[in-house]
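Fold and geometry: a report
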Amino acid sequence: MNKLEEKIWDITGLSFWSDWTNIVLWKRFNWVNFRVIGCDIEWDKMDNSFNLEIGLLGFNIRWQKSLPGETKQRKKLLKRIKEMM
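Everything numeric here is computed off the predicted structure, so don't read it as measured data.

Focus on the overall build of the protein
- Of the regular secondary structure elements, the protein holds 3 helices and 4 strands.
- The helix and strand sequence of the protein, counted from the amino end, reads α-β-α-β-β-β-α.
- The globule rule puts the C-alpha radius of gyration for 85 residues at 12 Å, and the 16 Å found for the protein is more than 25% above it.
- For the protein, the spread of C-alpha atoms along the three principal axes comes to 45 × 25 × 25 Å.
- Long-range contacts, defined here as pairs at least 24 residues apart, represent 34% of the contacts in the protein between residues at least 6 apart.

Some remarks on helix α3 (residues 72–84)
- The terminal C-alpha atoms of α3 lie 19 Å apart, and with 13 residues this matches the ideal 18 Å at 1.5 Å per residue to within 8%.
- In terms of residue burial, α3 counts as a barely covered element, since only 0 of its 13 residues are buried.

A word on unusual backbone geometry
- Positive phi, close to 60°, is recorded for N48, a residue that is not glycine.
- Secondary-structure assignment places N48 in the loop between β2 (37–44) and β3 (49–56).

Focus on a positive patch on the surface
- Together, K72, K75, K76 and R80 give the surface a local cluster of positive charge.
- Positionally, K72 belongs in helix α3.

Observations regarding the sheet that holds strand β1 (residues 14–18)
- Across the sheet, 4 strands lie side by side as β1-β4-β3-β2; this open sheet has antiparallel pairing. Each of the sheet's edge strands pairs with one partner strand only, and the pair in question is β1 and β2. Recorded for the sheet is a direction-independent mean angle of 15° between the axes of neighbouring strands.
- Across 8 bridges, β2 lies against β3 in antiparallel orientation. Across the sheet, residue D44 finds its bridge partner in β3, namely S49.

As for the packing of aromatic side chains
- One pass over the structure, following the stated rule, counts 2 aromatic pairs.
- Taking the centre distance of 4.9 Å and the plane angle of 80° together, the rings of W20 and F34 count as edge-to-face. Of this pair, W20 sits in helix α2 (residues 20–24) while F34 sits in the loop between α2 and β2, placing them 14 residues apart in sequence.
- W20 sits in the partly exposed class, given a relative accessible area of 37%.

Things to note about the pattern of salt bridges
- Taken as a whole and judged by the stated rule, the model has 4 salt bridges.
- Taking the shortest distance from any N to any O, the salt bridge between R35 and D40 comes out at 3.6 Å.
- Look at D40 and you get partly exposed, because its relative accessible area is 40%.
- Of the charged contacts, one joins R74 and D47 as a salt bridge, the two residues approaching to 2.3 Å between their closest N and O atoms. On the criterion of sequence distance, the pair formed by R74 in helix α3 and D47 in the loop between β2 and β3 is long-range, its members being 27 residues apart.
- Among the residues examined, D47 registers a relative accessible area of 24% and is labelled partly exposed.
- In this structure, a network of salt bridges that share partners links the residues R35, D40, E53 and R62.

Rules used in this analysis
- Residue positions are given per chain, counting from 1 as you read along its sequence in written order.
- Under the rules for a predicted model, residues below a pLDDT of 70 receive no local features and side-chain atom pairs below 80 are neither given nor counted, while totals for whole chains, interfaces and linings still include all residues.
- The basis for every side-chain value is the complete set of non-hydrogen atoms in the structure, without hydrogens or water.
- Secondary structure elements are taken from DSSP: a helix is a run of H or I of four residues or more, a strand is a run of E of two residues or more, and numbering for both begins at the N terminus.
- Radius of gyration: C-alpha atoms only; globule rule: 2.2 Å multiplied by the number of residues to the exponent 0.38.
- Whether two residues are in contact is decided by their heavy atoms, any of which lying within 4.5 Å being enough.
- Helices are assigned an expected span. That span is 1.5 Å times one less than the residue count.
- We call a residue buried when its accessible area falls under 20% of the maximum for its residue type, exposed when it is over 50%, and partly exposed in between, using a 1.4 Å probe and counting protein chains only.
- A patch consists of residues exposed above 30% relative accessible area that lack any salt bridge, with like charges linked at up to 9 Å and nonpolar side chains (Val, Leu, Ile, Met, Phe, Trp, Tyr) linked at up to 5 Å.
- Using a 1.4 Å probe, accessible areas were evaluated by the Shrake-Rupley method; residue-level cover was limited to the displayed protein chains.
- Every case where a carboxyl oxygen of Asp or Glu lies within 4 Å of a side-chain nitrogen of Lys or Arg is listed as a salt bridge.
- Counted charges follow a simple rule, with Lys and Arg positive, Asp and Glu negative, and His plus the chain ends left uncounted.
- Charge positions are represented by NZ for Lys, CZ for Arg, CG for Asp and CD for Glu.
- We treat two strands as partners when DSSP finds at least two bridges between them.
- In this analysis an axis means a line fitted to C-alpha atoms, helices contributing only their contacting stretch, and an angle means the value between N-to-C directions, from 0 to 180 degrees.
- Pairing of aromatic rings covers Phe, Tyr and Trp, the last counted by its six-membered ring, and requires centre-to-centre distances within 6.5 Å; plane angles under 30 degrees mean stacked, over 60 mean edge-to-face, and any other angle means tilted.

Everything listed here is a matter of coordinates, which is why it stays silent on function.
Rendered as structure tokens:
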């Protein structure tokens, strides 16, 4: 991620990517995927976050939003991470 992408991510929760690199640089990757059209909605109950992904003709956008409040699982995970550090 470059600095502009990081700034956009921090402010809006948006990220962008293209599947065209999979096709153009197909020798570089173990698999080649291309999203013609798609929409995914995901609620990560453990992390308490919401994701929306939309793709059309290989161009994709993802919006991620952390929902208010912490779950028990997230607190346990953060505790484990602190213990390992």
